[in-house]
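# Close look at the chain arrangement
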Amino acid sequence: MPKIFIDDRGVEAAQGLTVLQAADSAGIAIPHFCYHPAFAPEGSCRMCLVEIEGLPKLELACSTIVREGLKVRTTSPKVVEARKGVLEFLLAEHPLDCPICDKAGECKLQDYFEEYGLFKSQFKEAKEKREKKFRLGRNLILDRERCILCTRCVRFLNEITKTEDAGILSRGIHSEVGIFESELIDNNYSGNLAQICPVGAITDSDFRFKTRVWFLESKKSVCPLCSRGCNITIDSHPGFPRIPRSRRVYRIRACQNPDINSHWICDHGRYGYAYLDEGRQDKLVWKRGGRETGLNWDKAVRILTEKVRSLVERGKGSRIGVVLNTNLTNEEIFLADRLFRKGLGIEKFFVADPPPEKGDGFLLTADRTANSRGLQEVGLTFHAPDLKALSELDLLFIFGHYLPTAINPADLRRALEKIETTALFASHKSALDGLVDFVVPVPVIAEKSGSLTNIDGRVQSFIAALDFGGDGVPEWRGLLDLAKELKVEHRYFWPLTSPEAVFRVLQEEVPFFK
Amino acid sequence: MDEKILTQHFGVEGLFRLEVYRGQGGYKAVEKALKQMTPAAVLDEVKKASLRGRGGAGFPAGMKWGFVPQDVPKPRYLCVNADEGEPGTFKDRYLMNHNPHLLLEGTIIASYAVGIRSAFIYIRGEYEAIALRLEAAIAEAHRNGYLGEKILGTGFDLDVVVHRGAGAYICGEETALLESLEGKRGHPRLKPPFPASVGLFQCPTVINNVETLSNIPYIIQEGAESFLKKGLPRDGGTRVFGVSGMVRRPGIYELPLGTKLRTIIFDHAGGMKDDRELKAVIPGGMSAPILTADEIDLPMDFDSLAEAGSMLGSAAVIVIDKETSILDVLRAVAKFYSHESCGQCTPCRIGTAWINKIVKRLAGGEGEPDDIDAIIRLAANIKGKTLCPLGDAAALPLLSICQKFRHELEGYLPHA
């Protein structure tokens, strides 16, 4: 590994890294606009110029490869002067519409001006007038006055989606990002363009003018909308619900993970966040003879435990069934297996999931649930719910609201009516609500902690990004409470009080998770 | 007249035809190189001749050829840079128009030396008639066995293709030329890698100016020593000076490198038109920093001009008289580079446009006291900070005009 010196600090840099990357890995930020780690260096913004000992001119940090003994200065007066120069040029033609720009607060031009600029504009001429809201794609709006021509968007479409939808038109000061006439950028990754735009040139019409970014709270999570397990950042309004708003979540962004999703997420995952706030189950309900009774979970646990116990005591344990789904975490699937199968000897396990759709060959998979690999690795087999088996039960635990997609509603109704007690643990309202006796609201992935196993077998743990507002419980908590109330394998379940504790046991018992 | 290498036979009628060219001793150098010399020997001879690139940068041609790796399995290419766009420059146009076979002969020898089987002549779009003339010359050369397969019965094959540009100054920059030749937008590439290793279609590529290659036949035929004698030890041969502006006889003059600028203007070009007074000279195409009338006793070669803070560039001498307003010169320079900036990198895209706006305002009588300082400051922010040499090409003349003629420019400010 070549050793280089950045501002007199010795840095060991891996062979082949650029100065910018080496500095970055040592915690030294070199400002840049056009450079993006996922693309080949472009070298056009000229913001990352640094001084390299022995060379007469300033050199690009983004494209200079490290070599033994290289001495780099990133904050010398010459370098700072050059940065100021670039900022002065960029701002000369940049509109001062930060107050109405969605990027304000997370804009690199704004940030660097705060850091290196803070000069008074010397520009006395008229700024170029350009298109302010050019529609680039379904959700993409281009403001050509704000554009600094870093070409990240063009390169994304050339190098990542390889759809080559956009390019630079015209020359010199008239240069602009353009697309083929009447052909909007339309691919499943277009939302990334707004995210990688370093300024407010490409904004997302899904997010445009809805809030200011500094009001948002950013939390990491894992996207559960397919089995890829892309890392995401969930931006929500912490004022909710104190400030009356219809939803908490304002946008989903890609969170970098080189092993899974690089810097990208698909539009399906980016824009499909309405489910977090819409159609949610919020009340724990017990229905008897057409009457609904509000319950708390403690009471519900006691009632359900009673049902289980009476069946088991009457030798009817085999008439208990469980429907799982693969949006449950590894821990929850594991707990369900250990409680129902090992603890209570229940044999009737089913898995009901949303049906697969088409994958896109890049990140989005055909499997639209987050953890089918996890279910497989825990050791459960996929049994589709079967009507006959269902109708022979006296007690059915249903996790997830996907049963109606697996069985047609009329048949399902007939089968469930025959079952003495049905308890539904669901995050969302569905046709099942009217067919069951208990409805227990549960959180979605973003609202709970645990781990998921993606399609390639990568186990990722996560913690809750959003608060769970319903009066139910996370499935793992529900399962543990049932186990404790039932006093099944007391010494086994008693110490388990968190998903982390469950995961440790899972690791001990299932080698895959080690 | 025997000191000339390139324009020696310009007076011969029909020189552009192969037969006539051959009658003047043409294609003998190809015979010699291909039949009597190894590629290494040709390369060696060119290196010894200290032939420096005639496009503007003055990089030694032999060294450039030597950078091309011979051990990669990819094809190698030669690109002839005939995108003559530097304002004031018109030498390549004459060379190609009068003596296209000389260029072809140089192209064949260069290709032989570097092991190239495909050469491209990238010619500026406006030179339509010359492009046709080159194509005719290529066809003649094919018919006579100087191009195509097994040239002159040797194992050497070469094809030459003429490609017309679409009229952008930037495509004269070698990497933008490659992009354009590949059918892409003419944007300069980031260097390194240099074209010698990663060039046209990602293959090793030599890019030489028309005049550079036209010197090759002489070097092979008469030897490096003879070539060196015509110029200077570090800068061999002659230069074709294109003199324009307020002189009696504008035109091209092939003279030994190191000829005094004063001699070029006052002897060869016949002195100032109407006996006007000399004010300034741009010695090497518009991107060369301007010289005042007191600075014309300079020898015209790469090193002397660099020492004087200017450059020989394309050896296009633009002569400016006292009656010409320096503001008009500034306006022409600012407008040109603003118009021709490709827009890829920030300082050049916005800097040249900004300066052009200031100069326009100044010329419109609305100048402000700090405008000249602003131009100097902005040009300094472009200089040395751009992706390709166009930034410097714009900044250097602007800086030199504002610095050397500040007093005259200040006279255009309204309060003055």
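Residues numbered from 1 in each chain as written. Chains lettered and ligands numbered in written order. Predicted model: local features only at pLDDT ≥ 70, side-chain atom pairs only at ≥ 80, totals over all residues.

### Here's the deal with the overall build of chain A
For chain A, the count of helices and strands is 15 helices and 22 strands. Viewed in the frame of its principal axes, chain A has a C-alpha envelope of about 90 × 50 × 40 Å. For chain A, the proportion of its 514 residues judged to be buried stands at 47%. Sequence separation of 24 or more characterises 67% of the internal contacts of chain A that already satisfy a separation of 6 or more. (Helix = DSSP H or I, 4+ residues; strand = E, 2+ residues; numbered from the N terminus. Buried ≥ 20, exposed ≤ 12 C-beta atoms within 10 Å, placed from the backbone. Contact = placed C-beta atoms within 7 Å.)

### Considering the overall build of chain B
Summing up its helical and strand segments, chain B has 18 helices and nine strands in all. Relative to its length of 416 residues, chain B is compact, with a C-alpha radius of gyration of 22 Å against a globular reference of 22 Å. Structurally, chain B occupies a C-alpha span of about 75 × 45 × 35 Å along its principal axes. For chain B, the proportion of contacts with a sequence separation of at least 24, taken over those separated by at least 6, is 70%. (Rg over C-alpha atoms; globule rule 2.2 N^0.38 Å.)

### Focus: the nonpolar core
Cys-79, Val-80, Ile-109 and Leu-398 of chain B are the most contacted members of the largest nonpolar core, which totals 200 residues. Not counting residues up to four positions away in its chain, the partners in contact with Leu-398 of chain B are Val-333, Ala-334, Ile-355, Ile-375 and Ala-379 of chain B. In terms of nonpolar packing, the next biggest core, distinct from the first, is built from 61 residues, Val-285, Leu-295, Val-322 and Leu-480 of chain A among them. (Core = buried A, V, L, I, M, F, W, Y, C linked by C-beta atoms within 7 Å.)

### A closer look at the environment of Gly-245 of chain B
Residues and elements named next belong to chain B. Within the fold, Gly-245 resides in strand S5 (residues 238-245). Classification of Gly-245 as buried rests on a count of 21 C-beta atoms within 10 Å. Taking the C-alpha atoms as reference points, Gly-245 and Tyr-122, separated by 123 residues in sequence, lie 28 Å from one another. Other than its neighbours up to four places away in sequence, Gly-245 contacts Pro-250, Ile-318, Val-319 and Ile-320.

### Let's talk about the domain arrangement of chain B
Residues and elements named next belong to chain B. Entries for chain B in the domain assignment read domain 1 (18-230), domain 2 (238-321) and domain 3 (326-410). In this structure, domain 1 and domain 2 have C-alpha centres spaced 27 Å apart. Listed as interface residues are 14 residues of domain 1 and, on the opposing side, 17 residues of domain 2. Here the side of domain 1 that touches domain 2 takes three residues from helix H5 (residues 91-98), the largest share from any one element. Here the side of domain 1 that touches domain 2 is composed, by residue class, of four nonpolar, five polar and five charged. (Domains from an automatic or database assignment. Nonpolar A, V, L, I, M, F, W, Y, C, P; charged D, E, K, R; others polar.)

### Details of the packing of helix H2 (residues 77-92) of chain A against helix H15 (residues 346-366) of chain B
Running from N to C, H2 of chain A and H15 of chain B point in directions that differ by 60°, and their axes come no closer than 9 Å. With respect to H15 of chain B, the element H2 of chain A is oriented oblique. Seen along the crossing, H2 of chain A lies across H15 of chain B with a hand that is left-handed. Here H2 of chain A contributes Gly-85, Val-86, Phe-89, Leu-90 and Ala-92 of chain A to the contact with H15 of chain B, which in turn contributes Thr-346, Pro-347, Ile-350, Gly-351 and Trp-354 of chain B. Taken together, the residues of the contact of H2 of chain A with H15 of chain B break down into seven nonpolar, three polar and no charged. (Axes fitted to C-alpha atoms, helices over the stretch in contact; angles between N-to-C directions. Parallel < 35°, antiparallel > 145°, perpendicular 65-115°, else oblique. Left-handed = near helix turned anticlockwise from the far one by under 90°.)

### Quick notes on the sheet that holds strand S14 (residues 285-288) of chain A
All names here are of chain A. Strand order in the open sheet made by the seven strands is S15-S14-S20-S19-S18-S16-S17, with mixed pairing throughout. Two strands in the sheet have a free side with no partner beyond their single neighbour: strand S15 (291-294) and strand S17 (348-351). This sheet shows a mean twist of 15° between the axes of neighbouring strands, independent of strand direction. Direction of pairing for S14 relative to S15: antiparallel, over a ladder of four bridges. Residue Trp-286 lies in a different strand from S15, and its bridge partner there is Thr-293. Running at roughly 135° to strand S18 (residues 395-399), helix H7 (residues 297-313) makes contact with S14, strand S16 (320-324), S18, strand S19 (421-426) and strand S20 (438-441) of the sheet. (Pairing = 2+ DSSP bridges.)

### Describing H5 of chain B
Among the eight residues of H5 of chain B, six are classified as buried, and the element is accordingly described as predominantly covered. Along its buried surface, H5 of chain B packs onto strand S1 (77-82), helix H6 (100-114), helix H7 (128-143), helix H9 (210-214), S5 and strand S6 (251-256) of chain B.

### Considering the interface of chain B and chain A
On the side of chain A, 25 residues touch chain B, which itself brings 24 residues to the contact. Those elements giving two or more residues to the side of chain B that touches chain A turn out to be helix H14 (326-340), H15 and helix H16 (371-382) of chain B. A total of 10 residues in the side of chain B that touches chain A trace back to one element, the largest contributor, which is H15 of chain B. Grouping the constituent residues of the side of chain B that touches chain A by class yields 10 nonpolar, nine polar and five charged.

### Quick word on helix H17 (residues 390-404) of chain B
The first and last C-alpha atoms of H17 of chain B sit 22 Å apart over 15 residues, in line with the 21 Å expected at 1.5 Å per residue. Taking burial as the measure, the 15 residues of H17 of chain B include 13 buried ones, the bulk of the element. (Expected span 1.5 Å × (residues − 1).)

### Examining the domain arrangement of chain A
By domain assignment, chain A separates into domain 1 (3-90), domain 2 (93-204) and domain 3 (285-513). Relative to domain 3 of chain A, the C-alpha centre of domain 1 of chain A lies at a distance of 53 Å.

### Focus: unusual backbone geometry
Residues Lys-191 of chain B and Pro-192 of chain B are joined by a peptide bond in cis, for which omega reads -10°. Examined against the element boundaries, Pro-192 of chain B turns out to sit in the loop between helix H8 (174-181) and strand S4 (205-209). In this model, Pro-192 of chain B is joined to Pro-193 of chain B through a cis peptide bond whose omega is 0°. Turning to its location among the elements, Pro-193 of chain B is positioned in the loop between H8 and S4. Despite not being glycine, Arg-46 of chain A shows a phi value in the positive range, around 70°.

### Focus on the sheet that holds strand S2 (residues 118-123) of chain B
All names here are of chain B. Strand order in the open sheet formed by four strands is S3-S2-S1-S4, and the pairing between neighbours is parallel. Every interior strand has two partners, whereas the edge strands, strand S3 (159-164) and S4, have only one. Between one strand axis and the next, the sheet turns by 20° as a mean value, whatever way the strands run. Across the sheet, H7 lies against S2 and S3, angled at about 170° from S3, the strand it touches most.

### Some thoughts on the packing of H14 of chain B against H15 of chain B
All names here are of chain B. Packing of H14 against H15 leaves a shortest axis separation of 8 Å and a crossing angle of 150°. Here H14 is positioned roughly antiparallel relative to H15, judged by the angle of their axes. For the pair H14 and H15, the sense of crossing is left-handed. Of H15, the residues touching H14 (which contributes Leu-327, Leu-330, Arg-331, Ala-334, Lys-335, Tyr-337 and Ser-338) are Thr-352, Ala-353, Ile-355, Asn-356, Val-359, Leu-362 and Ala-363.

### Quick look at the confidence of the model for chain B
Chain-level statistics for chain B give a pLDDT mean of 96 and a share of 99% at 70 or above. Interface confidence for the predicted complex, expressed as ipTM, amounts to 0.94; the pTM equals 0.93. (pLDDT = per-residue confidence, 0-100.)

### Notes on the pairing of S17 of chain A
Residue and element names in this part refer to chain A. Pairing of S16 with S17, which is carried by four bridges, proceeds in the parallel orientation. Bridge pairing in S17 links Val-323 to Phe-350. You can see the chain leave S16, run along helix H8 (residues 330-343) and come back into S17, and the turn it takes is right-handed. (Right-handed = clockwise from strand over helix to strand, strands pointing away.)

### A word on the pairing of S16 of chain A
Residue and element names in this part refer to chain A. Most of S16 sits inside the fold, with five of its five residues counted as buried. With burial as the criterion, each face of S16 is covered, one bearing Ile-320, Val-322 and Leu-324 and the other bearing Gly-321 and Val-323. Where S16 lies against S18, four bridges are found, and the strand directions are parallel. Within S18, the position partnered with Gly-321 by the bridge is Leu-396.

### Quick word on the environment of Thr-497 of chain A
Within the secondary structure, Thr-497 of chain A sits in the loop between helix H14 (490-493) and helix H15 (499-509). Taking the C-alpha atoms as reference points, Thr-497 of chain A and Trp-476 of chain A, 21 residues apart in sequence, are found 9.4 Å from one another.

### Details of the environment of Gly-470 of chain A
All names here are of chain A. Its place among the elements puts Gly-470 in the loop between strand S22 (459-462) and helix H13 (475-486). Residue classification places Gly-470 among the partly exposed residues on the basis of 16 C-beta atoms within 10 Å. Note: C-alpha distance between Gly-470 and Phe-493 (23 residues apart in sequence) is 25 Å. Apart from the residues within four sequence positions on either side, Gly-470 is in contact with Arg-280, Gln-281, Asp-282 and Pro-441.

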